[in-house]
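For reference, the chains in residue letters:
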Amino acid sequence: YLTGIGLAERTIRKYSWDIERFWKYAESEAFDPFAVGALDLRLFTETMPDSSKRTARSALKHWFESIGYMDAPMRAMRVPRKKRGISRALEPEEASRLAHCAVAMEHPGGMAVLLGLYLGLRREEISQTQWPRFDPEFEWYTVLGKGGVEATVPVHPVVREVLRPRMTAFPAVFPGLSATNTGDLRMAQEFARHADIETTQIYTRVTKDRLRSAVDALTYLDDQPTALLGDLPESVNG
């Protein structure tokens, strides 16, 4: 149902988790989740932190719609009001000081700051900056944004002046994309301060070359490979 109404995969996973939590609560309190009353919904809401209540209410609203329970007392799920947005924009003086510092730094230091200031790229978009996405004159840059949506944005003269001369000297805009792999997942976990190594795995990838290198590093038979193979039973050698 959630897929059918066009929700994103991440939202579906979160809503499914909230619905499952509601089912477990209904089971523990012995009430029917298909015909829940206002008091049960209110008490269920009070078991959650404020930060989760709004999402849980949306999840259950979809759940009740999917089973045809259109009279569900959703107003019983009281959620905190949204906080007023706080501007995080830099003041002009702050942006000016930041830009001057970034320009003065050697490549690639400061480049991420300039791409954010002058091209308006997000953190993920900055980290994935690639030379081929600039046009030959360095006047336009094609960015791959959220959901795989592409957009072409103008390149500010400051970015063009700083970045273009470095194209021939650096194979990647940020060398770490191709040249600074540690090959040590535990080291990466410690460096990133992840409590769970599975979190680190989300941000790492293994290339075919690294897989091939790992296989080539297996040297079990390096001492006397011929003798060892000769000692195997004939049925195995065959």
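Residues numbered from 1 in each chain as written. Predicted model: local features only at pLDDT ≥ 70, side-chain atom pairs only at ≥ 80, totals over all residues. Heavy atoms only, no water.

Participant: Talk me through the packing of helix α4 (residues 92-104) against helix α5 (residues 111-119); I want residue IDs and the actual numbers.
Facilitator: One can describe the packing of α4 onto α5 by two numbers: an axis separation of 9 Å at closest approach and a directional angle of 140°. On the basis of their axis angle, the class for α4 and α5 is oblique. You can see that α4 and α5 cross each other, and the crossing is left-handed. The segment α4 lies against α5, with Ala95, Leu98, Ala99, Ala102 and Val103 engaging Val113, Leu114, Leu117 and Tyr118. Here the contact of α4 with α5 is composed, by residue class, of 9 nonpolar, no polar and no charged. (Axes fitted to C-alpha atoms, helices over the stretch in contact; angles between N-to-C directions. Helix = DSSP H or I, 4+ residues; strand = E, 2+ residues; numbered from the N terminus. Parallel < 35°, antiparallel > 145°, perpendicular 65-115°, else oblique. Left-handed = near helix turned anticlockwise from the far one by under 90°. Contact = heavy atoms within 4.5 Å. Nonpolar A, V, L, I, M, F, W, Y, C, P; charged D, E, K, R; others polar.)

Participant: Quick one: what's the story with the nonpolar core, residue by residue and with numbers?
Facilitator: Burial of nonpolar side chains together is a common tendency in soluble globular proteins. Ranked by size, the top nonpolar core spans 22 residues in total, and within it Phe22, Val36, Leu41, Phe44, Leu60, Phe64 and Met77 carry the most contacts. The element best represented in this core is helix α1 (residues 9-29), accounting for 6 residues. Val36 has contacts with Phe22, Phe31, Leu41, Phe64, Tyr69 and Pro73, leaving out every residue within four places of it along the chain. Grouped together as the second largest cluster of nonpolar side chains are 19 residues, Met111, Leu115, Trp131 and Val162 included. (Core = buried A, V, L, I, M, F, W, Y, C linked by side-chain atoms within 4.5 Å. Buried < 20%, exposed > 50% of the residue type's maximum accessible area, 1.4 Å probe, protein only.)

Participant: For a nonpolar patch on the surface, give the residues involved together with the corresponding values.
Facilitator: Side chains of Trp23, Phe34 and Ile67 sit close together on the surface and give an oily, nonpolar patch of about 260 Å² of accessible area. The topology assignment puts Trp23 in helix α1. Overall, the relative accessible area of 36% leaves Trp23 in the partly exposed class. (Patch = residues over 30% accessible without salt bridge, like charges linked within 9 Å, V, L, I, M, F, W, Y side chains within 5 Å. Areas by Shrake-Rupley, 256 points an atom, 1.4 Å probe, with all protein chains shown as cover. Salt bridge = Lys/Arg side-chain N within 4 Å of Asp/Glu carboxyl O.)

Participant: Account for the packing of aromatic side chains, with residues named and values stated.
Facilitator: Summed over the entire model, instances satisfying the criterion amount to 13 aromatic pairs. Through a chain of ring-to-ring contacts, the aromatic side chains of Phe22, Tyr25, Phe31, Phe44, Phe64 and Tyr69 assemble into a single cluster. (Phe/Tyr/Trp six-rings, centres within 6.5 Å; stacked < 30°, edge-to-face > 60°.)

Participant: Lay out the environment of Ala72 with the relevant residues and their values.
Facilitator: Take Ala72: it is sitting in the loop between α3 (50-66) and α4. Along the chain, Ala72 and Lys61 lie 11 residues apart, while their C-alpha atoms are 8.0 Å from each other.

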